[in-house]
Each structure stands twice: as structure tokens, then as C-alpha cells.
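One letter stands for each residue in the lines below.
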Amino acid sequence: MKKILITGGAGFIGSHVVRRFVNNYPDYQIVNLDKLTYAGNLANLKDIEDKPNYSFVKIDITDATAINELFKEGDFDAVIHLAAESHVDRSITDPTAFVMTNVIGTVNLLNAVREYWKGDYDKKRFYHVSTDEVYGALGETGMFTETTAYDPHSPYSASKASSDHFVRAYHDTYGLDCVISNCSNNYGSHHFPEKLIPLAINNIKNNKPVPVYGKGENVRDWLWVEDHARAIDVIFHQAKTGETYNIGGHNEWKNIDLIHLLCKIMDQKLGREEGESAKLITFVTDRAGHDLRYAIDSTKLQEKLNWVPSLQFEEGLEKTVEWYLTNEEWLSNVTSGNYQSYYEKQYNHK
Ligand code: NAD
Ligand code: DAU
């Protein structure tokens, strides 16, 4: 029996990771720690919330006292850390929230692990889930590898770079068993509709303008979220201590091309005439400091741990659209704010 603390499990990627671990490892006890910020939605985990090997604890990782209390009692064998402020645009308007959660929150977890795992560092594992944005921006060519120098540009990526450095520092200084993965843009179900793909799906559905920053020339490398969760599973179980893995789908799209493809799929699914949804595309002021291009070289993960992405982007995007059109209640609860009362209703807390 392993007891694993997964932080940020009520969010987009975290909920896929929690679901995967709860379903695939019935002999593991999975504890989902989440503050339930605007991005945390326990309804994401409706299908597994009654499983005997799953539990939830509402904690803010910036609260060192609460984290220490949890570790004192918890006897965890591992931590998979995903909790973070994750939206670049929000980091531009409120950088401090990103420093607090992504840097201080991560250090609070590392300190608790350092205190309560003493003598067991070689038996327990701290896994930090990070982003390719720490590497900065690429020009027209090249790819990020595990040895690319860090060069973050946004307050979000600066905070994630800082937390990566702290994790490595605790490995080098105190001998903690740590692994880090840096992943490209994820897409799929349960994605909060402030990010490009779910925002565009929601707006197209409601005949609202689809905002494309600048000229839509920026390139992102998209990965099916369940492939990310599978990569985390493989790395968690097989990576050597201190290692870093890049995770990506070899799937680069210019934003404007992606949005045109999405409009085409939406036309088909909504029974609209071809070209109807594309009329909603609206070019807006560019994001400040907008990184031009991200592209991940995941050769190490593919060759060492035999991980390969499972889904072609066109197929994944169509599945994603179908999920949003089928799960109207999830989407309307998120856009209305009703989802925030799920915890009170389900867990009988005030
Ligand atoms: P998300 O915003 O959907 O979810 C973040 C979760 O963390 C939410 O449930 C939120 O309530 C929780 N959280 C935030 N602040 C907290 C705090 N102070 N204490 C406890 N919980 C808190 O994010 P996501 O897109 O699922 O990303 C998850 C992780 O993966 C992040 O660390 C992010 O940097 C990383 N990542 C994301 C992507 C992507 O494309 N979304 C790609 C690479 C890496
Ligand atoms: O690369 C990994 C990162 O991907 C993660 O670390 C972040 O947590 C995640 O949010 C994501 O960051 P991006 O900034 O790339 O994702 P976002 O969906 O916000 O934007 C994708 C691209 O689309 C980016 O070039 C900005 C652009 N965009 C975004 C929005 C929200 C638009 O053109 N219009 C929009 O309305």
C-alpha cells in the first residue's frame, strides 16, 4: 500500500492524474489536496469520488502550518505536485498570487517533506509537474530539450522556473528524491474556459467573438491531457532520482490555424454552414511579452521510458469538442460560478 498526496487534483490536469491513479492503482491510497481556487472544481472527479482509495482535503499550500499538520498525520510515501496558478494572462495582472502559490507553496511542501521524511529520502518521491514555458520562447526553428537553459518571460513562467530550481536545490542539498517534468500545452476535457481551446469552444457555441491575440502567429505544441497523465504515471514510477523529462506531442499549431480547424469542427457538430463559426474570429491586442513559439523534444521520454502520445490532434480536438457539447451542465456550472458550491454540497462543509 502506497499513500500518495496529489496536489491540485481538482484542476484540469490534476483531475486526470487523480482519476488515472485511483482507477489504475486500487492498492494506492490517493489523497487529493486542493485549495479550490476559481480553477478547482471537484465535479471534475464526480466519477471517482466514492472510491475507497480516494479522499480529498481542502488546504491552501501557502499555509505552511496546515501543510505541516497534514504531513505530521499523513505518512505519505510520495507527493505529485500540480497545484499552481496556471494562467499566463492572470499572472500579467497579478504576479504576486503566482509567487505565493507557485514558489512559496512549493517551498512549503518541500519543507514539510524535508521535516517529516527524514531518513526516508531514498524511499519516498517528490514529483514536480512543470511547464515548457520555463525555457522561454523559440524562433522559427529548434526544440526545447531537457538541457535547454531556463529563460522564462511571463510572471507565470518565472514562478514555475523558480519552483523547479527549488525542487532541484532540495535534491542537491538535502538528498530528497525528486523528479521534474516539463510539459507543453495540454488540451482535453475539464479544461477551464479561460484557456484558448475551451474558451473558443464556449464562445463559438454561444455565437460570441473568438479573441485571437495579435495576428495569431504564435505556435503552441498541443498534447492530449490523458497522454500527459500517462507520462506522469510512467515518470513517477520509472524515472531515476533527480531526473528531468520533457513531455510533448510533436504537434505544433499556429493559433490561427488551430482556431480555423476548431471552427470547422464546430460547424460540423452544430450543423452550421461551413465558414459560419470562423466569422466569429476577432483579432485583439496581443498578450504582453507573448512567447512566439514552444516545441518540445520528448526523445528522452520516448526512448528511455517508451512513452509515445496516443492521439492525433485532429481526433483529440474533435473528442474535446464532443465532450464540451455533451457536458453542457459542467460548462454552464463553470461559467455561472455554480461549480464553486459543489464542495459544500457534496462534502457538507460550510
Ligand atoms: P489548473 O489551473 O486547471 O489547476 C490548478 C489547481 O491547483 C486547481 O485545482 C486549484 O484550485 C489548485 N490550486 C491553486 N492554488 C492553490 C493553492 N494555493 N493551494 C492548493 N491548491 C491550489 O491548472 P492545470 O492546467 O491543471 O495545471 C496543473 C499543473 O500543470 C500546474 O502546475 C501547471 O503549471 C502545470 N502545467 C500545465 C500545463 C497546461 O497546459 N495546462 C502544461 C504544462 C504544465
Ligand atoms: O506551454 C504550457 C503552458 O500552456 C502551461 O504551462 C500553462 O499553464 C497553460 O495555461 C498554457 O499556457 P498558454 O499561455 O500557452 O495557454 P493559453 O491557452 O492561455 O494560450 C494559448 C495560446 O493562445 C497563446 O499563444 C495565447 C493565445 N490566446 C489565448 C487566449 C486565452 C489567444 O490568442 N486568445 C485567447 O483568448
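Residues numbered from 1 in each chain as written. Chains lettered and ligands numbered in written order. Predicted model: local features only at pLDDT ≥ 70, side-chain atom pairs only at ≥ 80, totals over all residues. Heavy atoms only, no water.

An unreviewed UniProt entry lists the chain under the name dTDP-glucose 4,6-dehydratase, from Pedobacter ureilyticus. Within the UniProt record for the chain, the comment given under Sequence similarities (unreviewed entry) is "Belongs to the NAD(P)-dependent epimerase/dehydratase family. dTDP-glucose dehydratase subfamily." (UniProt positions renumbered as here; feature names shortened; annotations may be inferred.)

Enquirer: Quick rundown of helix α4 (residues 95-116)? Include the residues and the values.
Expert: Taking 1.5 Å per residue, 22 residues should reach 32 Å; α4 reaches 31 Å between its end C-alpha atoms and fits that length. At Ile104, α4 shows its maximal bend, which comes to roughly 25°. Every buried residue of α4 is accounted for by Phe98, Thr101, Asn102, Val103, Gly105, Thr106, Val107, Asn108, Leu109, Leu110, Ala112 and Val113. Each element contacted by the buried residues of α4 is listed here: β1 (2-7), α2 (64-74), β4 (78-81), α3 (88-93), β5 (125-131) and α5 (155-174). (Helix = DSSP H or I, 4+ residues; strand = E, 2+ residues; numbered from the N terminus. Expected span 1.5 Å × (residues − 1). Bend = angle between axes of the 7 residues up to and from the residue. Buried < 20%, exposed > 50% of the residue type's maximum accessible area, 1.4 Å probe, protein only. Contact = heavy atoms within 4.5 Å.)

Enquirer: Hey, could you go over the sheet that holds β1 for me, with residue numbers and the actual values?
Expert: With parallel pairing, the 7 strands of this open sheet are ordered in space as β3-β2-β1-β4-β5-β6-β11. Each end of this open sheet is capped by a strand with a single partner; those strands are β3 (54-58) and β11 (244-247). On average, each strand axis in the sheet is inclined to that of its neighbour by 20°, with strand direction left out of account. In terms of strand pairing, β1 meets strand β2 (residues 28-34) through 6 bridges, oriented parallel. The residue bridging Lys3 from the neighbouring strand is Gln29, located in β2. Each of β5, β6 (178-183) and β11 touches α5; the most contacted strand, β5, lies at about 155° to it. Across the face of the sheet, helix α7 (residues 225-238) comes into contact with β1, β2, β4, β5, β6 and β11 while running at roughly 145° to β5. (Pairing = 2+ DSSP bridges. Axes fitted to C-alpha atoms, helices over the stretch in contact; angles between N-to-C directions.)

Enquirer: Give a detailed account of unusual backbone geometry, specifying residues and quantitative values.
Expert: Unlike most non-glycine residues, His190 shows phi in positive territory, near 60°. By secondary structure assignment, the location of His190 is in the loop between β7 (186-187) and α6 (196-205). In this structure His190 comes out as buried when scored by relative accessible area, which is 12%. With a phi angle near 50°, His250 is a residue other than glycine that sits in the positive phi range. Counting through the fold element by element, His250 comes out in the loop between β11 and β12 (252-254). A relative accessible area of 44% means that His250 is categorised as partly exposed.

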